[in-house]
Amino acid sequence: MTKTNTRIPDQKSQTSGAQRGFEHSEGLRTLLIRLHEEGRWEWRHDPEVAALMRHAARKYAALARRHGLDPWEAAAAAFDAMRTGSVRRAEDPWAVITRAVQVTCIAEERANGLLCSVHQARRPKYSAHHDAERFSDRETPLTDYHPAFRTIDPSAVDGDEENETVSRVEAAVSECVTLFRCLGWPLEMARSGIEYIVTRLAESSSRMSAFESLRRDYHARAFLDLPSASWLTMLRVVLGSPDPNLAHTRASRGILHRLVSGEPLEALLLDAGLVAEVLRAVPAGGEYRGCQ
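These numbers come from a predicted model, not from an experiment. (Residues numbered from 1 in each chain as written. Predicted model: local features only at pLDDT ≥ 70, side-chain atom pairs only at ≥ 80, totals over all residues. Heavy atoms only, no water.)

S.K.: Sorry if this is basic, but what is going on with the packing of helix α2 (residues 25-38) against helix α8 (residues 93-114) here?
M.R.: Packed helices, taken two at a time, are described by the angle their axes make and the gap between the axes. The geometry of α2 relative to α8 is characterised by a closest axis approach of 8 Å and an angle of 80 degrees between their N-to-C directions. By the angle class used here, α2 and α8 are roughly perpendicular. Two secondary-structure elements touch here, α2 through S25, L28 and R29 and α8 through P93, W94 and I97. When the residues that make up the contact of α2 with α8 are grouped by side-chain class, the tally is four nonpolar, one polar and one charged. (Axes fitted to C-alpha atoms, helices over the stretch in contact; angles between N-to-C directions. Helix = DSSP H or I, 4+ residues; strand = E, 2+ residues; numbered from the N terminus. Parallel < 35°, antiparallel > 145°, perpendicular 65-115°, else oblique. Contact = heavy atoms within 4.5 Å. Nonpolar A, V, L, I, M, F, W, Y, C, P; charged D, E, K, R; others polar.)

What follows is the structure in structure tokens.
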């Protein structure tokens, strides 16, 4: 008696019969070029478009769920990317679409947490904030420790001394931004990154704990749109190097500490090692112009 092997087709083969061309980058490019040349209404009537979007929903379902979204929201982000010329001209169209979907999912998640629009959540000046919270979400009431709910006894604190300290820190932050701008960093990128670092530093117990926390803050780096090398360089320069071998050097203190301590900006710009490190990490869009 001869045995016959029967194979149950998987879902993909059931839905498409044979593997569709758009599942590969060149096949997708061919389809996108055809749809583009035939006009905008072809996206609505072409039968292959529906299959393409179902494939995108399946492909990005796990990514969408990771950010608390529905797979079809990820498919909608893929649809927006597919209609751009950069995807049709890309070396790997699916790779570009995947990155676009990932960025959109992150922005959607941040927008839900910040209670703002997705457009605002893509901007560093908004995305640098923490998610909205209720007072009841914390074990310790917010009013017990947050500075916004504190009152200061004027007789117990020297107001002039406190104002002088605040002014010195604000001036140091401004000079940090000026240094990065002088060395070619885009102004808005430098300002957003340094203000975010200073905010986290104020919430941390030490500079090194702030450094380690920020080093692993991938969401902040994504929304600041900084490459990993540029982000780590900014942390080292502003907060100081965590290398124990440099514990008693200027590199360990960082430029923020040096500026608050009274060292002038001109002295930092004459530090060849510091200037070279910042210049090597200038992100895309920056251009060295020097300082007037």
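S.K.: Would you take a moment to explain the layout of surface pockets for this structure?
M.R.: In this approach a probe as big as a water molecule rolls over the atoms, and the regions it shows empty are the leftover space. Of the pockets and cavities examined, the second largest pocket occupies roughly 310 Å³. As for the second largest pocket, its lining consists of 13 residues, and the residues nearest its centre are V169, V198, L201, A202 and L256. Of all elements in the fold, only α11 (159-182), α12 (187-203) and α16 (250-260) reach the threshold of two or more residues within the lining of the second largest pocket. The element best represented in the lining of the second largest pocket is α11, accounting for five residues. (1 Å grid on protein atoms, 1.4 Å probe; cavity = no way out; pocket = protein on both sides within 12 Å on 5 of 7 lines; lining within 4 Å. Points joined across faces, edges and corners; volume = space filled by probe spheres on them.)

S.K.: Sorry, what's going on with the packing of aromatic side chains here?
M.R.: The relation between two aromatic rings is expressed through the spacing of the ring centres and the mutual angle of the planes. Here the structure, examined in full by the defined rule, presents three aromatic pairs. When the ring of W43 is compared with that of F79, the centres are 5.3 Å apart and the planes differ by 90 degrees; the resulting orientation is edge-to-face. In this pair, W43 is assigned in helix α3 (residues 42-45) and F79 in helix α6 (residues 71-82), connecting sequence segments 36 residues apart. What makes W43 buried here is its relative accessible area of 11%. Taking relative accessible area as the criterion, F79 reaches 23% and is therefore assigned partly exposed. Here F180 and W185 contribute two aromatic rings whose centre-to-centre distance is 5.0 Å and whose plane-to-plane angle is 90 degrees, an arrangement assigned as edge-to-face. Judged on exposure class, the residue F180 and its partner W185 are both buried. Note that K59 overlies the ring of W94, its terminal NZ or CZ placed 5.1 Å from the centroid. (Phe/Tyr/Trp six-rings, centres within 6.5 Å; stacked < 30°, edge-to-face > 60°. Buried < 20%, exposed > 50% of the residue type's maximum accessible area, 1.4 Å probe, protein only. Lys NZ or Arg CZ within 6 Å of the ring centre and 35° of its normal.)

Just geometry here; none of it tells us what the structure is for.
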